[in-house]
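Spelled out, the chains give:
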Amino acid sequence: MKKKFLNLLNQPITNSYLKSIDKKNIKNEYFYNLSVTFNTKNFLVSLSKPVDPKKQYTDKYAHRASQSLTMQKAFSSVAKKLQNRFKPKLSMEIGSNDGVFLKNFDKKKIVAVEPCLNLARITQKLGYKTYPKFWNKSLANKILKNKKKYDLIYSANTISHIPNLKETFDSIYKTLSDEGVFVFEDPYMGSVLKMNSYDQFYDEHVHVFSLIAISNLLKESNLKVFDVDLLSTHGGSTRFYASKFNSKYKPSKKVKKLKSREIKQGLDKFLTYKKFAIRVKNSKKDLINLLKKLKAKGKKVISYGATYKSATIFNYCNIGSDLIEYVLDSTKNKQGKYTPGKHILIKPSQDSIPKDVDYAFLGAWNFLKEIKKKEIKFLKRGGKFITHVPKIKIISF
Ligand code: DWN
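Since the model is a prediction, treat every value here as computed from it, not as a measurement. (Residues numbered from 1 in each chain as written. Predicted model: local features only at pLDDT ≥ 70, side-chain atom pairs only at ≥ 80, totals over all residues. Heavy atoms only, no water.)

K.L.:
Can you tell me about the site of the ligand, naming the residues and giving the values?
P.N.:
Taken together, 26 residues form the shell around the ligand, and within it E204, K309, D329, K334 and K374 come nearest. Take H205: an N or O atom from its side chain is 3.2 Å from an oxygen atom of the ligand. Between the ligand and Y308 there is a distance of 2.8 Å, counted from an oxygen atom to a backbone nitrogen or oxygen. Contact with the protein chains hides 97% of the accessible area of the ligand, taken as 700 Å² for the molecule alone. Within the residue set of the shell around the ligand, elements represented by two or more residues are α11 (308–317) and α12 (368–374). At three residues, the largest contribution of residues to the shell around the ligand is made by α12. Within the shell around the ligand, the residues separate by chemical class into seven nonpolar, 13 polar and six charged. Both domains that meet at the shell around the ligand, namely domain 1 (44–267) and domain 2 (282–395), each give it at least three residues. (Near = heavy atom within 4 Å. Polar contact = N/O pair within 3.5 Å; in protein donor to acceptor, adjacent residues only side chain to side chain. Areas by Shrake-Rupley, 256 points an atom, 1.4 Å probe, with all protein chains shown as cover. Helix = DSSP H or I, 4+ residues; strand = E, 2+ residues; numbered from the N terminus. Nonpolar A, V, L, I, M, F, W, Y, C, P; charged D, E, K, R; others polar. Domains from an automatic or database assignment.)

And the structure:
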């Protein structure tokens, strides 16, 4: 049974950065209610009503996975690690974005799946076979027509975006070779609870995974988790290593350890999520109070990183350009546009945060280390960051 524990109010599609905020554009903006549920049977946390993926993954998809140095390094390192450990003859990536993982592979030894046409074109131009399609049963059948099976299927920040996990995992089972491995990484529910990072819930994050939930789901498709890594990327992610149920792989010590940690943390209990929802309400109150106080003092506050995550915060907390003057972002195709729902102007990042800015809210809090390094001048002249994780606080030099 699915039980609702969190209501993040009316939200826009996070990828819908607006070119202009004329009346027509604003009138046409799509909103839906963002509520989050806990499945008491398999322990999966999901949105109560996912948005139609065709509205989300268009040929105007904005996010570029290679935008941060941290992620470039992380993808090149995992690509090497997987090739060394599993020695795959043939691999596949599901959700290849701009090719940041793919380009660490020989073009003949990997294929990609990417439904956003503008992104699929990038990797096609690089010479990688890319299916510009959603991962589902019909694509798996099409790919299987060439009679080849895959030794490694990798996916980062994509499986949690797919509403129908049963079809997803069944299709992966069919496509994997008998001893093949399916490795996927996504934001971790244990970290969301610990960091109070409720901004991990938005239209694209249809599910936020825990090991106990994933183990239950994979079992239904004849798959099992045999290893797991806890990652610091995206504010706390898990990388699951799965294989066919009857394969040679046995669950590692890390799997057993994390399972018992999750039970201790109460990831299998509805009450844990109810308590989290109370912390989220308090976080909203504290953030609004702080921003209003700074405004009253005449301080200039902006936001750093036009993240999809921050759309949840701004819309849930009703924060617009009255409290946050503009957002800085290094992604070219976000610049000059307006954030979804609250319509705050996105400006290009410069060498350093402009001198007249007193505070920068960290929309991209998951890159704090990288941003701190880049913005040392800002911090040295007395500029401060604001973060909401794990609670509202000011970060100074
Ligand atoms: O799963 C998803 C994650 C991986 O990426 C997607 N559904 C959509 C997207 O979510 P996000 O926008 O919350 O992701 P990021 O990677 O936290 O976004 C960081 C943003 O900040 C990018 O637009 C780039 C920008 N940035 C910047 O302007 N200066 C980032 C860094 C590190 C910087 O120095």
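We are not done yet, so read on.
K.L.:
Describe the packing of helix α5 (residues 137–144) against helix α6 (residues 165–175), with residues and values.
P.N.:
Two elements in contact, α5 and α6, have axes separated by 9 Å at closest approach and are oriented at 10°. Between α5 and α6, the angle falls in the class roughly parallel. For the pair formed by α5 and α6, the contact residues are K137, A140, N141 and L144 on the first element and E167, S171, K174 and T175 on the second. Looking at the contact of α5 with α6 residue by residue, the class counts come to two nonpolar, three polar and three charged. (Axes fitted to C-alpha atoms, helices over the stretch in contact; angles between N-to-C directions. Parallel < 35°, antiparallel > 145°, perpendicular 65-115°, else oblique. Contact = heavy atoms within 4.5 Å.)

K.L.:
Now, about the sheet that holds strand β7 (residues 150–156): what can you tell me, with residues and values included?
P.N.:
The pairing of strands in a sheet comes from backbone hydrogen bonds and takes either a parallel or an antiparallel form. Within the open sheet, the seven strands sit side by side as β6-β5-β4-β7-β8-β11-β10. Their pairing is mixed. At either end of the open sheet lies a strand with only one pairing partner, and these are β6 (129–131) and β10 (223–231). Looking at each pair of strands side by side, their axes are set apart by 20° on average, direction ignored. Where β10 meets strand β11 (residues 237–244), eight bridges bridge the pair, whose relative direction is antiparallel. Counterpart to V225 in the pairing with β11 is A242. Where α6 meets the sheet, its contacts fall on β4 (91–94), β7, β8 (176–187), β10 and β11, and the angle it forms with β8 comes to roughly 145°. (Pairing = 2+ DSSP bridges.)

K.L.:
So what about the layout of surface pockets? Which residues, and what values?
P.N.:
The space that makes up the second largest pocket amounts to roughly 570 Å³. Surrounding the second largest pocket, 19 residues form its lining, N15, S16, Y17, L18 and K60 being those nearest its centre. Of the residues that constitute the lining of the second largest pocket, the class distribution is six nonpolar, seven polar and six charged. (1 Å grid on protein atoms, 1.4 Å probe; cavity = no way out; pocket = protein on both sides within 12 Å on 5 of 7 lines; lining within 4 Å. Points joined across faces, edges and corners; volume = space filled by probe spheres on them.)

K.L.:
Pulling in residues and values, what's your account of the packing of aromatic side chains?
P.N.:
A full pass over the atoms with the stated rule returns 26 aromatic pairs. Look at F38 and F270: their rings are 6.4 Å apart centre to centre, the planes differ by 25°, and that puts the pair in the stacked class. In this pair, F38 is assigned in strand β2 (residues 31–39) and F270 in helix α10 (residues 270–296), connecting sequence segments 232 residues apart. Taken individually, F38 and F270 each receive the classification buried, so the pair is uniform in this respect. Here the aromatic rings of F226 and Y249 are separated by 4.2 Å at their centres, their planes lie at 15°, and the arrangement is stacked. Residue F226 is found in strand β10, and its partner Y249 is found in the loop between β11 and α9 (253–265); the two are separated by 23 residues along the sequence. The pair F226 / Y249 is uniform in exposure class, with both members buried. Among the aromatic residues, those joined into a ring-pair cluster are F5, F38, F43, F270, Y273 and F276. In this structure, R85 is placed above the aromatic ring of Y241, and the distance from its NZ or CZ to the ring centre is 4.9 Å. (Phe/Tyr/Trp six-rings, centres within 6.5 Å; stacked < 30°, edge-to-face > 60°. Buried < 20%, exposed > 50% of the residue type's maximum accessible area, 1.4 Å probe, protein only. Lys NZ or Arg CZ within 6 Å of the ring centre and 35° of its normal.)

K.L.:
Give me a positive patch on the surface: which residues, what numbers.
P.N.:
A contiguous patch of positive charge, built from K129, K133, K142 and K145, is present on the exposed surface. Taking the relative accessible area as the measure of exposure, K133 reaches 40% and is therefore partly exposed. (Patch = residues over 30% accessible without salt bridge, like charges linked within 9 Å, V, L, I, M, F, W, Y side chains within 5 Å. Salt bridge = Lys/Arg side-chain N within 4 Å of Asp/Glu carboxyl O. Lys, Arg positive; Asp, Glu negative; His and termini not counted. Charge placed at Lys NZ, Arg CZ, Asp CG, Glu CD.)

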